[in-house]
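Residue-level structural notes
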Amino acid sequence: MATLSFNHTTVRTPKPKHFTINPSKPVRISLITPSNKNIVRNLPLLRHFRTCSSVSESSVSIQKEKEEEEKKDFEDEDDDPTAEMCYLDPETDPESITDWELDFCSRPILDVRGKKLWELVVCDNSLSLQYTKYFPNNVINSITLKDAIVTISEELGVPLPEKIRFFRSQMQTIITKASKELNIKSIPSKRCLSLLLWLEERYETVYMRHPGFQQGSKPLLALDNPFPTELPENLFGERWAFVQLPYSAVREEVSSLETKFVFGAGLDLDLLGIEIDDKTLIPGLAVASSRATALAAWMNGLEICAVEADTARASLILSVGISTRYVYATYKKTPVTTSEAEAWEAAKKACGGLHFLAIQEDLDSEDCIGFWLLLDLPPPPV
């Protein structure tokens, strides 16, 4: 691993030195900031879908005239905000899609009855699978969801997934029950990054253009942001430091997760449509422990989402799952430590929320026992 640039601290009483951000190296993230309206739209697979139909396709050979007519219909449907999606990348092996990301929630759209329309949105992390379907609000239950999951599998010719990730705690009972009846493991996690970005894109390109769109309508099921609680004893480190790595070194760490058999998780930024220069410094948090392997193993069992520096409480907050926040570490509040934490958060913001968590045996070590690449995204607008 490339040498981490860090300032030595301890978990309980850190004395961080000034954290320097290199302003001469601009961050190039073309698709991640909320002000950019093309977040997921530029992903190559997102535009290619066919409209789901309740009528089965004919097995009879289609004449050239009919092909041209269907092509025109497809082009019209591609721009239709009421159209539903049912797409599988023809170059993707269906058996390789084992994990789905799922959202089942109301949208800021009223149906013909004047009631909020619900929508099921499903994809995998590479957007090779994309599926959407609208539902009236009076059929929202685990049976409807279970049937829809089976329908996706049958219509797209993919096996039922091994895992389904979802990010709304309010839907946990319905999703868990439907998944359990199909022998699918449901995982509450905000690491549904492809789904979150896709929902933000759909808000701009689909929901706002839908004839039933309700301007100013707030999300029915807002994401939880609970008060942080005490960290479990098995997750404590011994020392920590704010660190930074060039993006090229971050990529090396992510690519070595499997080859070195270390704990952690990466992100495919290309699939997420994020462009970053190799020399851009990515902020991170390094945690050292004499029991680093055990600590990394425990951390690997969590769906780690983000690390946040809370300057008001002079602490670091670790977000896991969908509604769990831990006080990961505390420090003595001084002008210097506050400046350090603010600079780290500013660096994270400049990178569009991209940061990392590294677990090491010693802060001087060049090897990581665990490495997680994280993306702190704002909640979707729906």
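Residues numbered from 1 in each chain as written. Predicted model: local features only at pLDDT ≥ 70, side-chain atom pairs only at ≥ 80, totals over all residues. Heavy atoms only, no water.

Notes on the overall build of the protein chain
For clarity, the cut-off: Counting from the N terminus, the helices are DSSP H or I runs at least four residues long and the strands are E runs at least two residues long. Each residue's exposure class comes from its accessible area (1.4 Å probe, protein chains only) as a fraction of the maximum for that residue type: buried when under 20%, exposed when over 50%, partly exposed otherwise. What makes two residues a contact is simply this: any of their non-hydrogen atoms within 4.5 Å. Areas reported here follow the Shrake-Rupley algorithm with a probe of radius 1.4 Å; residue values treat only the protein chains shown as occluding.
The secondary structure content of the protein chain amounts to seven helices and 16 strands. Every one of the 382 residues in the protein chain was classed for burial, and the buried ones make up 49%. Summarising the internal contacts of the protein chain: among those between residues at least 6 apart in sequence, 73% fall at separations of at least 24. Accessible area for the protein chain stands at about 18400 Å²; split by element, carbon and sulfur atoms hold 51% of it.

Describing the sheet that holds strand β6 (residues 163-166)
Where we set the bar: Pairing between two strands requires that DSSP report at least two bridges joining them. Fitted lines through C-alpha atoms give the axes, limited to the stretch in contact for helices. The angle between two N-to-C directions lies from 0 to 180 degrees.
With respect to topology, six strands assemble into an open sheet ordered β2-β5-β4-β3-β6-β7, the strand pairing being mixed. Two strands close off the open sheet at either side, each with one partner strand: β2 (86-88) and β7 (185-188). Neighbour-to-neighbour, the strand axes of the sheet open up by a mean angle of 20°, direction not taken into account. Alignment of β6 against β7, held across four bridges, turns out to be parallel.

Observations regarding the pattern of salt bridges
Keep this limit in mind: Only one rule defines a salt bridge in this text: a Lys or Arg side-chain nitrogen within 4 Å of an Asp or Glu carboxyl oxygen.
Scanning the entire structure with this criterion turns up 14 salt bridges. The residue Arg113 makes a salt bridge to Asp111 at a minimum N-O spacing of 2.9 Å. Relative accessible area serves as the criterion here: at 17%, Asp111 is assigned to the buried category. Notably, a salt bridge pairs Lys348 with Asp376, separated by 3.2 Å at the nearest N-O pair. With Lys348 in helix α7 (residues 335-350) and Asp376 in the segment after β16 (370-375), this pair connects stretches of sequence that are 28 residues apart. Lys348 sits in the buried class, given a relative accessible area of 3%. Salt bridges linked by common partners bring Asp103, Arg107, Glu119, Arg168 and Arg202 together as one network.

Quick look at the sheet that holds strand β12 (residues 304-310)
Read across the sheet, four strands follow the order β8-β14-β13-β12 without closing on themselves; strand pairing throughout is mixed. For this open sheet the edge positions go to β8 (229-230) and β12, each flanked by a neighbour on one side alone. Strand direction decides the pairing type here: β12 and strand β13 (residues 315-320), joined by six bridges, are antiparallel. Bridging from a neighbouring strand, Ile304 pairs with Val320 of β13.

Concerning the pairing of β6
Note: strand β3 (residues 99-110) against β6, three bridges, orientation parallel. Of the residues in β6, the one forming a bridge with Asp99 is Lys163.

Brief notes about the packing of aromatic side chains
Applicable threshold: The rule is short: rings of Phe, Tyr and Trp, with Trp giving its six-membered ring, pair when the centres are within 6.5 Å, and they are stacked under 30 degrees, edge-to-face over 60, tilted in between.
One pass over the structure, following the stated rule, counts seven aromatic pairs. Ring geometry for Phe104 and Trp118: centres 5.9 Å apart, planes at 75°, overall edge-to-face. Taken together, the positions of Phe104 in strand β3 and Trp118 in strand β4 (residues 116-123) put the pair 14 residues apart, joining distant regions of the chain. Feature note: the residues Trp240, Phe242, Tyr331 and Trp344 constitute an aromatic cluster, connected by ring pairs.

Here's the deal with the nonpolar core
Counted only if it meets this: What is meant by a nonpolar core is a set of buried Ala, Val, Leu, Ile, Met, Phe, Trp, Tyr and Cys residues, joined one to another through side-chain atoms within 4.5 Å.
Residues Trp100, Leu102, Leu120, Tyr207, Leu354 and Phe356 are the most contacted members of the largest nonpolar core, which totals 72 residues. Per element, the largest residue contribution to this core is seven residues, and it comes from helix α4 (residues 193-205). In contact with Leu120, other than residues within four places in its own chain, are Leu102, Asp103, Phe104, Tyr131, Thr132, Lys133, Phe135, Leu145, Ala148 and Ile152.

Quick notes on the confidence of the model for the protein chain
Note the threshold: Here pLDDT means the predictor's own confidence in every residue, given as a number from 0 to 100.
Put simply, the protein chain has an average pLDDT of 81, and 78% of its residues get 70 or more. Low pLDDT, under 50, characterises residues 1-64; the stretch is placed with 165 contacts to residues that sit more than four places away or in other chains.

Notes on the environment of Gly114
As for its position among the elements, Gly114 is in the loop between β3 and β4. Here the alpha-carbon distance between Gly114 and Gly212, two residues 98 residues apart in the chain, equals 8.7 Å.

With respect to helix α3 (residues 172-181)
Because the α-helix completes a turn every 3.6 residues, residues three or four places apart line up on one side. Using the following cut-off: Each C-beta atom gives one direction from the helix axis, and the arc is the one those directions make.
Here α3 has its buried residues at Ile175, Ala178 and Ser179. Seen from one end, α3 has its buried residues packed into an arc of 100°, which puts them on one side. In α3, the exposed residues that point more than 90 degrees away from the buried face are Thr173 and Lys180. On its buried face, α3 sits against β3, α2 (142-156), β6 and β7. Once α3 ends, the next one or two residues include Asn183, with phi positive near 60°.

Some points on the side chain of Ser189
The line we're drawing: Polar contact criterion, stated in full: a pair of N or O atoms within 3.5 Å, where within protein one must be able to donate a hydrogen and the other to accept it, and residues adjacent in sequence count only if both atoms are side-chain atoms.
Along the chain, the position of Ser189 falls in the loop between β7 and α4. For Ser189, a relative accessible area of 0% gives the class buried. One polar contact links Ser189 to Glu303, side chain to side chain, over a distance of 2.7 Å. The contacts of Ser189, once residues within four sequence positions are left out, are Arg165, Phe166, Phe167, Glu303, Gly321 and Ile322.

Notes on unusual backbone geometry
Positive phi is not limited to glycine here, since Leu127 has a value of about 60°. Within the element layout of this structure, Leu127 appears in the loop between β4 and β5 (129-135). Given a relative accessible area of 3%, Leu127 falls into the buried group. Its identity is not glycine, yet Ala314 carries a phi of approximately 50°, on the positive side. Relative to the helices and strands, Ala314 is located in the loop between β12 and β13.

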